[in-house]
Amino acid sequence: MVEGTSLRERLSVPVIAAPMFLVSGPELVIAAVRAGVMGSFPTANCRTVEQLDDWMSQMMAASGPATAPVVPNLIVHRTNSRLADDLEVICRHRPEIVIASVGSPEPIIDRIRGYGGQVWADVASMRHAEKAIAAGADGLILLTGGAGGQTGWANPFAFARGVRAIHDGPMVLAGGVSDGRAIAAAEVLGFDYCYMGTHFIATEESMAVQRYKDMLVAASLDDVQLTDAITGLDTSILRPSLIAAGLDPKNLPVRDSIEISKDINPDAPRRWKDIWSGGHSVEGVRRVQPVADLVREVANQYQQARIQPGR
Ligand SMILES: Cc1cc2nc3c(=O)[nH]c(=O)nc-3n(C[C@H](O)[C@H](O)[C@H](O)COP(=O)(O)O)c2cc1C
């Protein structure tokens, strides 16, 4: 259904507004698609399957065969008890690409391909990449060091070369991208598209609270701390949010205990709600702005970088 060149031609710049828990909703996805970049969101952002159905109706109505696609993200990990129900809703709306994250894409491949859709899987290692290809994934999203959220570890230069040797299909860079020059550089490495997550949090249409957006504008790369204390997996966290939540960044509680402490102390910080994630790409976040302005800026930088590589 998706054909490489034609998909690229529908985009103003080869970007996916990355799926982000508690951040990406219909406003952000629709604004992204209208601005000419793929708009993604995790289905976990919907409280119920009925709400997912409603969101998908709104989003699909705002996109079409000539626009950038809407790209739902399914968490395929076995602990996602809603996977089967969410998958049913997705199959009814038939988005052309679905992103599988946190596990093998295998459980959703047959259903999505059954209606002509593609499955793009996120991978953090060569072993993940090999497994996703064996399961039949059409595209691969390479999670690299410094990515926002539950981050990758691999260096993008090395990871791109490794994966390109075994995969011809769409390949997406996740991590460190916040401007058009980085996207042009990623193309030289062999990537077809880039994820931009952190930068889209600081848009007017994201569901993040204003203090989170302001913190991203004020933060630098040095404010990003890698820790597994908040989610149980290595996650890029904004150190100022740890401090604001009353935690000592140098002496964090043992992994996952922050959620448990909520039962004991109702004022304890709630992970994701009070402790915020941002990737190394926070370095490129200068202001909170509408999605259309951000995409226009990034597309101009990308064109400029292609005409004049270097500075
Ligand atoms: C606040 C936040 C929430 C995220 N939630 C998800 C998620 O639900 N599903 C997913 O596949 N990736 C999630 N990610 C990862 C992003 O999709 C993407 O890989 C990452 O933001 C790319 O790095 P960047 O932020 O430097 O652009 C999240 C990232 C952030 C910052």
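Calculation rules
- Residues numbered from 1 in each chain as written.
- Predicted model: local features only at pLDDT ≥ 70, side-chain atom pairs only at ≥ 80, totals over all residues.
- Heavy atoms only, no water.
- Near = heavy atom within 4 Å.
- Polar contact = N/O pair within 3.5 Å; in protein donor to acceptor, adjacent residues only side chain to side chain.
- Areas by Shrake-Rupley, 256 points an atom, 1.4 Å probe, with all protein chains shown as cover.
- Nonpolar A, V, L, I, M, F, W, Y, C, P; charged D, E, K, R; others polar.
- Salt bridge = Lys/Arg side-chain N within 4 Å of Asp/Glu carboxyl O.
- Helix = DSSP H or I, 4+ residues; strand = E, 2+ residues; numbered from the N terminus.
- Phe/Tyr/Trp six-rings, centres within 6.5 Å; stacked < 30°, edge-to-face > 60°.
- Buried < 20%, exposed > 50% of the residue type's maximum accessible area, 1.4 Å probe, protein only.
- Axes fitted to C-alpha atoms, helices over the stretch in contact; angles between N-to-C directions.
- Parallel < 35°, antiparallel > 145°, perpendicular 65-115°, else oblique.
- Left-handed = near helix turned anticlockwise from the far one by under 90°.
- Contact = heavy atoms within 4.5 Å.
- Domains from an automatic or database assignment.
- Buried area = accessible area lost by both parts, 1.4 Å probe.
- Disulfide = S-S within 2.5 Å.
- Pairing = 2+ DSSP bridges.
- Right-handed = clockwise from strand over helix to strand, strands pointing away.

Peer 1: Break down the site of the ligand for me, with residues and values.
Peer 2: Around the ligand sit 25 residues, and of these P19, F21, G197, T198 and S281 come closest. The side chain of S101 places a nitrogen or oxygen atom 3.1 Å from an oxygen atom of the ligand. Burial of the ligand by the protein amounts to 94% of the accessible area it has alone, namely 600 Å². Looking at side-chain class alone, the shell around the ligand contains 13 nonpolar, eleven polar and one charged residues.

Peer 1: Please give an account of the pattern of salt bridges that cites residues and values.
Peer 2: Under the defined criterion, the tally for this structure stands at nine salt bridges. The residue R113 makes a salt bridge to D138 at a minimum N-O spacing of 3.2 Å. In this pair, R113 is assigned in helix α5 (residues 106–114) and D138 in the loop between α6 (126–135) and β6 (139–143), connecting sequence segments 25 residues apart. Across the salt bridge formed by R287 and E297, the nearest N and O atoms sit 2.9 Å from each other. Placement of R287 in the loop between α12 (257–264) and α13 (291–307) and of E297 in helix α13 is noted, with a sequence separation of ten residues between them.

Peer 1: Outline the packing of aromatic side chains, supporting the account with residue identities and numerical values.
Peer 2: Applying the stated criterion across every chain, the model contains three aromatic pairs. Ring centres of Y212 and W276 lie 4.9 Å apart, and the angle between their planes is 10°; this geometry places the pair in the stacked category. Within this pair, whereas Y212 is found in helix α10 (residues 210–218), its partner W276 is found in the loop between α12 and α13, the two being separated by 64 residues in sequence. We classify W276 as buried; its relative accessible area is 4%.

Peer 1: I'd like a description of the packing of helix α2 (residues 26–35) against helix α3 (residues 49–61), backed by residues and values.
Peer 2: Between α2 and α3, the least distance of the axes is 9 Å, while the angle of their chain directions is 20°. Between α2 and α3, the interaxial angle falls into the category roughly parallel. Between α2 and α3 lies a crossing whose hand is right-handed. For the pair formed by α2 and α3, the contact residues are P26, V29 and I30 on the first element and W55, Q58 and M59 on the second. Classifying every residue of the contact of α2 with α3 gives five nonpolar, one polar and no charged.

Peer 1: How would you explain the domain arrangement of the protein if you had to name every residue and give the values?
Peer 2: Partitioning the protein into structural domains gives domain 1 (4–207 + 284–307) and domain 2 (220–264). Centre-to-centre, using C-alpha coordinates, domain 1 lies 26 Å away from domain 2. Listed per partner, the contact involves six residues of domain 1 and six residues of domain 2. Together, the buried faces of domain 1 and domain 2 total about 400 Å²; carbon and sulfur atoms form 53% of this surface. Considering only the side of domain 1, the residues that lose the most area to domain 2 are G149, Q150 and T151, jointly responsible for 82% of the buried surface there. On inspection of domain 1 and its partner domain 2, the count reaches zero salt bridges. Residue composition of the side of domain 1 that touches domain 2, grouped by class: one nonpolar, five polar and no charged.

Peer 1: Tell me about unusual backbone geometry, and please be specific about residues and values.
Peer 2: For residues besides glycine, phi is generally negative; the peptide bonds are generally trans as well. With a phi close to 65°, L22 is a non-glycine residue in the positive phi region. The class of L22 is partly exposed, set by a relative accessible area of 29%. The backbone phi angle of V102 is positive, close to 55°, even though this residue is not glycine. Structurally, V102 can be placed in the loop between β4 (97–101) and α5.

Peer 1: Quick one: what's the story with the state of the cysteines, residue by residue and with numbers?
Peer 2: Within this structure, the stated rule accounts for zero disulfides. Unpaired in this structure, C46 has its nearest cysteine sulfur neighbour in C91, at a distance of 15 Å.

Peer 1: Report on the pairing of β6, specifying residues and quantitative values.
Peer 2: The element β6 is largely enclosed, with a buried count of five among its five residues. Alternating positions in β6 separate into two faces, G139, I141 and L143 on one and L140 and L142 on the other, with burial throughout. Sheet topology note: the strand β5 (residues 118–123)/β6 ladder contains four bridges and is parallel. Bridging from a neighbouring strand, V123 pairs with L142 of β6. You can see the chain leave β5, run along α6 and come back into β6, and the turn it takes is right-handed. As judged from the four bridges shared by β6 and strand β8 (residues 171–174), these two strands associate in the parallel manner. Residue pairing across strands places L140 opposite M171, the latter belonging to β8.

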